[in-house]
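A structural walkthrough
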Amino acid sequence: MVVNQGKWIGINPYFSNITFADNSNYSEYNGLALSLRKDFGHGVLVKTALTLSKTIDLVSGAPGQNKTEGALVINPWYPNNQRGISSQDIPRQVVFDFIYEVPKPKMDNKIARALLGGWQMSGIGTFAAGLPFTVFSGNGNWSSQAIYYDLPNAPATAISSGGYSRSAFLTGVFPASAFPSPCPAGTGGAGCGVEGNLGRNTYRGPGFAQVDAGFTKSNRIPWFTSEGAQLQFRAEIANVLNRVNLNGVDSNLADGNFGRATGVNIARTPQFSLRIHF
């Protein structure tokens with residue numbers, strides 16, 4: 001650092017990056033898990049699980065990995081200031097799955113019995129709240145740390161932390177102008193040695209909802225080996241309803257896509273397989 005007559009001037013420009021690591025990070029997890037399983041008979045089995053949880057930490061990844069929030073110490077002088085919701089926090093999640101053994105048809109035609117019998121249907125649905133994200137500036141270098149990951153001040157008018165629609169994430173949930181610079185007026189907005197008061201992982205991204213389905217058919221092959229074998233056909237469809245699940249909210253105030261979701265999870269994806277058990 002450069003100090004002149006007791007007045008802090010800035011970081012010594014002759015120093016490059018200095019890496020420092022310790023074991024001061026910690027995390028806390030509190031959760032409630034409930035599950036329900038019901039066998040309805042006639043080949044129908046249904047299971048449901050509900051998880052309510054909260055995860056808190058200082059850093060959600062190994063420091064120095066990259067310049068993402070999950071791997072960054074924002075202010076090395078006061079690391080406890082970034083204690084907040086973990087980047088992996090999912091406060092609510094519901095998962096259900098079912099299996100249905102299709103009854104064998106009662107008919108005399110052997111070919112029809114072979115084609116229509118031996119089917120099993122299954123499905124799994126996952127519904128979860130969105131992951132949190134941190135609003136930051138990657139351009140101003142307000143803190144004079146040269147990491148270009150600085151927190152702004154909290155908006156003067158409160159902004160909802162979550163619950164936005166998918167269409168809102170496509171157009172932008174809030175403007176960059178809502179987050180003021182922490183630097184005093186007249187400083188030019190850069191290199192003032194101040195970090196903003198906005199908390200880490202204050203806002204939450206789009207939720208996730210997906211249903212996957214599977215169809216399986218098994219038939220015995222008596223002539224394959226002396227003990228016989230099973231020929232199994234499987235058809236699996238990920239995201240069978242083809243719901244658009246957004247992700248990757250751009251939270252960098254310096255980007256043109258700030259406040260928008262820039263990525264999507266997989267669309268409807270079928271896959272087929274055929275195997276023999278013997």
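Residues numbered from 1 in each chain as written. Predicted model: local features only at pLDDT ≥ 70, side-chain atom pairs only at ≥ 80, totals over all residues. Heavy atoms only, no water.

Another aspect to go through is the overall build of the protein chain. When helices and strands are tallied, the protein chain shows 2 helices and 14 strands. Counting across all 278 residues of the protein chain, residues that qualify as buried make up 32%. In the protein chain, 69% of the contacts between residues at least 6 apart in sequence involve partners at least 24 apart. Surface exposure of the protein chain reaches about 17,300 Å², of which carbon and sulfur atoms provide 57%. (Helix = DSSP H or I, 4+ residues; strand = E, 2+ residues; numbered from the N terminus. Buried < 20%, exposed > 50% of the residue type's maximum accessible area, 1.4 Å probe, protein only. Contact = heavy atoms within 4.5 Å. Areas by Shrake-Rupley, 256 points an atom, 1.4 Å probe, with all protein chains shown as cover.)

The residue Asp57 is located in strand 4 (residues 44-57) in this model. Given the relative accessible area of 4%, Asp57 is considered buried. At 3.0 Å, the side chain of Asp57 forms a polar contact with the side chain of Ser86. (Polar contact = N/O pair within 3.5 Å; in protein donor to acceptor, adjacent residues only side chain to side chain.)

Bringing the environment of Pro105 into the picture now. Take Pro105: it is sitting in the loop between strand 6 (92-101) and helix 1 (110-116). Between the alpha carbons of Pro105 and Leu115 there is a distance of 9.7 Å; along the sequence they are 10 residues apart. Beyond its immediate stretch of four places on either side in the chain, Pro105 contacts Arg113, Leu116 and Gly117.

Excluding glycine, a negative phi dihedral is what most residues carry, and trans is how most peptide bonds are arranged. With a phi close to 55°, His42 is a non-glycine residue in the positive phi region. Within the secondary structure, His42 is located in the loop between strand 3 (27-41) and strand 4. Assessed through its relative accessible area of 76%, His42 is described here as exposed. One non-glycine residue, Asn242, adopts positive backbone phi at about 55°. A relative accessible area of 35% means that Asn242 is categorised as partly exposed.

The next subject is the pattern of salt bridges. For the structure on display, the rule yields 5 salt bridges. The salt bridge involving Lys47 is made with Asp97; its shortest N-O contact spans 4.0 Å. Here the residue Lys47 occupies a position in strand 4, and Asp97 occupies one in strand 6, the gap between them amounting to 50 residues. With a shortest N-O distance of 2.6 Å, Arg200 and Asp57 are connected by a salt bridge. Placement of Arg200 in the loop between helix 2 (166-171) and strand 9 (203-204) and of Asp57 in strand 4 is noted, with a sequence separation of 143 residues between them. Judged by relative accessible area, which is 6%, Arg200 ranks as buried. (Salt bridge = Lys/Arg side-chain N within 4 Å of Asp/Glu carboxyl O.)

Together, Leu32, Leu34, Leu50, Leu52, Val94 and Phe127 line one region of the surface with nonpolar side chains, adding up to about 450 Å² of accessible area. Within the fold, Phe127 resides in strand 7 (residues 119-128). (Patch = residues over 30% accessible without salt bridge, like charges linked within 9 Å, V, L, I, M, F, W, Y side chains within 5 Å.)

The next thing to look at is the packing of aromatic side chains. In the structure shown here, the tally under the stated rule is 13 aromatic pairs. Each ring, one from Tyr164 and one from Phe169, has its centre 6.0 Å from the other, and the planes form 85°; the classification is edge-to-face. Here Tyr164 falls in the partly exposed class, since its relative accessible area comes to 25%. Centroid distance Phe179 to Phe258: 5.9 Å. Interplanar angle 85°. Geometry classified as edge-to-face. Highlighted residues: Phe179 in the loop between helix 2 and strand 9 and Phe258 in the loop between strand 12 (246-249) and strand 13 (261-264), separated in sequence by 79 residues. For Phe179, a relative accessible area of 5% puts it in the buried group. Judged by its relative accessible area of 7%, Phe258 is buried. Aromatic rings pair up to connect Phe133, Tyr164, Phe169, Phe174, Phe179, Tyr203 and Phe258 into one cluster. The residue whose ring lies beneath Lys38 is Phe40, and the NZ or CZ to ring-centre distance is 5.8 Å. (Phe/Tyr/Trp six-rings, centres within 6.5 Å; stacked < 30°, edge-to-face > 60°. Lys NZ or Arg CZ within 6 Å of the ring centre and 35° of its normal.)

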